Amino acid sequence: MHTLILHQTPIEYRNESSQKPPQNVQESAQISAEQILQAAKNNTATLWRGDFHQGKQLLAALKKRVRKPSKPAATPAEIFHKHRLAQSQQSREINMLLVEVGVNFTVDLPRAPDVQAALLDVYGVANTEAFLLPFNQLLGFIGAHEWHKQGVPISALGGDKIHVPFGVFSPLRGEYLDLVQQIRLPENCHTAFDIGTGSGVLAAILARRGVANIIATDNNPRAVLCARENIARLGLVNQIKVLQQDFFPDGVANVIVCNPPWLPAKPTSAVETALYDPNHSMLHGVLREAAAHLAADGELWLIMSDLAEHLGLRDSGSLQQWFAEYGWHIAAQSHTVPSHRKATDERDPLAFARQKECTYLYCLQKNSFQAA
Ligand SMILES: C[S@@+](CC[C@H](N)C(=O)[O-])C[C@H]1O[C@@H](n2cnc3c(N)ncnc32)[C@H](O)[C@@H]1O
């Protein structure tokens with residue numbers, strides 16, 4: 001826990017990003033974005049004491065002020081790394097505007113909304129001591145809570161919704177789900193593992209396709225809770241068990257499905273652990289260990305996009321080489337193109353790569369099975 005000193009008393013400082021915390025805090029009900037940035041240079045955050053809506057306007061001004069064009073870069077990988085670096089620097093500056101959250105998630109500012117349900121969604125238990133939080137994150141939590149309540153309709157579940165809180169990977173960009181819905185199931189497939197289940201969506205699709213026993217795992221406690229809730233809501237508790245753990249449960253399955261983070265890079269917050277995986281470590285872990293958890297004729301269904309290749313973060317052909325090195329062959333594969341807005345957003349510095357992106361479902365079998 002990190003604390004700042006406010007009125008000579010320590011107060012907890014919370015931040016979902018792994019940013020270096022500020023050293024000091026000043027209070028203000030009237031300040032410009034420029035003055036906040038000046039203070040930030042001296043590692044001093046600004047605690048907003050004015051009207052909530054004016055605070056939102058100030059935050060918007062701050063965001064505009066910190067947005068700078070990316071530095072020129074020669075290669076796709078350089079563009080990616082410079083873009084991430086710029087994003088993280090800008091995020092640190094934006095997060096220098098704070099709000100105080102009082103006991104039981106109250107915000108004592110004129111025209112502040114009721115944020116209790118949104119913060120309960122994020123933190124699980126109500127707070128008994130006040131804490132400081134970046135204003136921008138508070139707004140993010142409020143937005144995420146609305147999305148959570150609303151849910152995401154999933155065509156592969158006949159339009160039924162999956163509800164996803166802050167901090168869990170959302171299947172909003174769901175083209176890969178149709179691949180899992182459409183791929184042929186092996187004969188007599190009664191057991192499946194879903195590794196890194198997130199919202200539980202892939203386990204739910206398999207259950208709806210008739211797989212009787214499914215074990216879903218995730219090492220993120222927020223994901224485990226979310227998956228359990230979705231599975232209960234969809235009436236699938238008799239078919240799916242969700243466990244909080246790394247990688248594989250005990251036993252063997254006919255199918256193992258896994259959608260690991262697609263980009264080999266370091267996450268800068270808990271939320272990013274579903275997107276970025278340093279050196280593809282989850283992917284390697286699954287390719288290395290899955291064979292021991294599959295029935296003899298079992299299949300590993302791996303979902304991967306080739307975005308990393310278009311960004312120059314992975315050589316083309318590496319994936320196929322790793323499959324071979326770990327003793328797998330591709331028994332079938334299908335692919336789709338993303339339909340999400342980012343793919344066509346010209347303002348996104350990574351649009352050049354996203355426009356070329358394809359998402360693949362590889363159906364892998366053990367080479368030993370092929371030989372038999
Ligand atoms: C890209 S998300 C996929 C979520 C979901 N399966 C889907 O397709 O929507 C990857 C998930 O893997 C989880 N994860 C990462 N490393 C893991 C590990 N070693 N063991 C279990 N889960 C892991 C993350 O917490 C995250 O929920």
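Owing to the predicted nature of the structure, the values given are computational and were not obtained by experimental measurement.

Cut-offs used in this document
- Each chain carries its own residue numbering, running from 1 in the direction its sequence is written.
- Owing to the predicted nature of the model, reporting of local features is limited to residues with pLDDT of at least 70; listing and counting of side-chain atom pairs is limited to 80 or more, with chain, interface and lining totals taken over all residues.
- Note that water and hydrogens are dropped before the side-chain values are worked out from all heavy atoms of the structure.
- In this entry, domain limits derive from an automatic or database-based domain assignment.
- Residues count as neighbours in contact if any of their non-hydrogen atoms are within 4.5 Å of one another.
- Summed over both partners, the accessible area lost on bringing two parts together, with a 1.4 Å probe, is the buried area.
- When a carboxyl oxygen of Asp or Glu is within 4 Å of a side-chain nitrogen of Lys or Arg, the pair counts as a salt bridge.
- The term polar contact refers here to a pair of N or O atoms within 3.5 Å; inside protein, the definition further demands a hydrogen-donor-capable atom paired with an acceptor-capable atom, and it admits residues adjacent in sequence only when both atoms are side-chain atoms.
- Helix and strand labels come from DSSP, where a helix needs a run of H or I of at least four residues and a strand needs a run of E of at least two; each type is numbered from the N terminus.
- Gly falls in the polar group here, along with every residue not listed as nonpolar (Ala, Val, Leu, Ile, Met, Phe, Trp, Tyr, Cys, Pro) or charged (Asp, Glu, Lys, Arg).
- When DSSP finds two or more bridges between two strands, those strands count as paired.
- Angular values range over 0 to 180 degrees, each being the angle between N-to-C directions of two axes fitted as lines to C-alpha atoms, with helices fitted over their stretch in contact.
- Each residue is placed in one exposure class: buried if its accessible area under a 1.4 Å probe, protein chains only, is under 20% of its type's maximum, exposed if it is over 50%, and partly exposed if it falls in between.
- Each residue is tested against the molecule or strand, and it is near if at least one of its non-hydrogen atoms lies within 4 Å.
- Should an angle lie under 35 degrees it is considered roughly parallel, over 145 roughly antiparallel, and from 65 to 115 roughly perpendicular; all remaining angles are considered oblique.

**Quick notes on the domain arrangement of the chain**
Then comes step 1: Partitioning the chain into domains gives domain 1 (2–147) and domain 2 (152–371).
Then comes step 2: Once you take the C-alpha centre of each, domain 1 and domain 2 turn out to be 33 Å apart.
Then comes step 3: Taken together, the contact pairs 16 residues of domain 1 with 22 residues of domain 2.
Then comes step 4: The junction of domain 1 with domain 2 conceals about 1,600 Å² of combined surface from both sides, 63% of it contributed by carbon and sulfur atoms.
Then comes step 5: At the junction of domain 1 with domain 2, the criterion picks out two salt bridges.
Then comes step 6: Its salt-bridge partner being arginine 84, residue glutamate 272 comes within 2.7 Å of it at the nearest N-O pair.
Then comes step 7: Counting every contact that joins domain 1 to domain 2 gives six residue pairs in polar contact (both at pLDDT 80 or more).
Then comes step 8: The element that contributes the greatest number of residues to the side of domain 1 that touches domain 2 is helix H3 (residues 76–94), accounting for seven residues.
Then comes step 9: Looking at the side of domain 1 that touches domain 2 residue by residue, the class counts come to eight nonpolar, five polar and three charged.

**A word on the sheet that holds strand S4 (residues 44–48)**
Then comes step 1: What the six strands build is an open sheet, ordered S1-S2-S6-S5-S4-S3; its pairing is mixed. Edge positions in the sheet fall to strand S1 (2–6) and strand S3 (24–28), since each has one partner strand and no second. Averaged over neighbouring strand pairs, the angle between their axes works out to 40° when direction is ignored.
Then comes step 2: Of the strand pairs in this sheet, S4 and strand S5 (residues 97–101) are connected by two bridges, and their pairing is parallel. Looking at the pairing, threonine 46 lines up with leucine 97 of S5.

**Side note on the sheet that holds strand S11 (residues 240–244)**
Then comes step 1: Strands sit in the order S11-S10-S9-S12-S13-S15-S14 across an open sheet of seven strands; the sheet is mixed. For this open sheet the edge positions go to S11 and strand S14 (328–336), each flanked by a neighbour on one side alone. Averaged over all adjacent pairs, the angle separating strand axes in this sheet is 20°, with direction ignored.
Then comes step 2: With eight bridges joining them, S14 and strand S15 (residues 359–366) adopt antiparallel strand pairing. Residue pairing for S15: serine 334 is matched across the bridge by leucine 361.
Then comes step 3: Lying over the sheet, helix H8 (residues 221–233) contacts strand S10 (213–218) and S11, oriented at roughly 165° with respect to S11.
Then comes step 4: Each of strand S9 (191–195), strand S12 (253–258), strand S13 (294–305), S14 and S15 is contacted by helix H9 (residues 281–289), which is oriented at about 165° to S13, the strand it contacts most.

**A short note on the side chain of threonine 44**
Then comes step 1: Note on placement: threonine 44 falls in strand S4.
Then comes step 2: Given the relative accessible area of 14%, threonine 44 is considered buried.
Then comes step 3: Non-local contacts of threonine 44, meaning those with residues more than four positions away in its chain, are made with Asn24, Val25, Gln26, Ala39 and Met96.

**Things to note about the environment of isoleucine 214**
Then comes step 1: Relative to the helices and strands, isoleucine 214 resides in strand S10.
Then comes step 2: Along the primary structure isoleucine 214 and aspartate 194 are separated by 20 residues, whereas in three dimensions their C-alpha atoms are 7.3 Å apart.
Then comes step 3: Beyond its immediate chain neighbours, meaning those up to four positions away, isoleucine 214 contacts Ala192, Ala203, Leu206, Ala207, Gln239, Ile240 and Lys241.

**Topic: the site of the ligand**
Then comes step 1: Neighbouring the ligand are 16 residues, the closest being Tyr176, Gly196, Asp218, Phe247 and Asn259.
Then comes step 2: Aspartate 218 places a side-chain nitrogen or oxygen 2.7 Å from an oxygen atom of the ligand.
Then comes step 3: Taking asparagine 219, its side chain carries an N or O atom lying 3.4 Å from a nitrogen atom of the ligand.
Then comes step 4: Residues that form the shell around the ligand fall into these classes: seven nonpolar, seven polar and two charged.

**What to know about the packing of helix H4 (residues 116–123) against helix H5 (residues 135–150)**
Then comes step 1: As a packed pair, H4 and H5 sit with axes 9 Å apart at the nearest point and diverge in direction by 90°. If you check the angle between H4 and H5, you find them roughly perpendicular. Contacts between H4 and H5 involve Ala117, Ala118, Leu119, Asp121, Val122 and Tyr123 from the former and Leu138, Phe141, Ile142, His145 and His148 from the latter.

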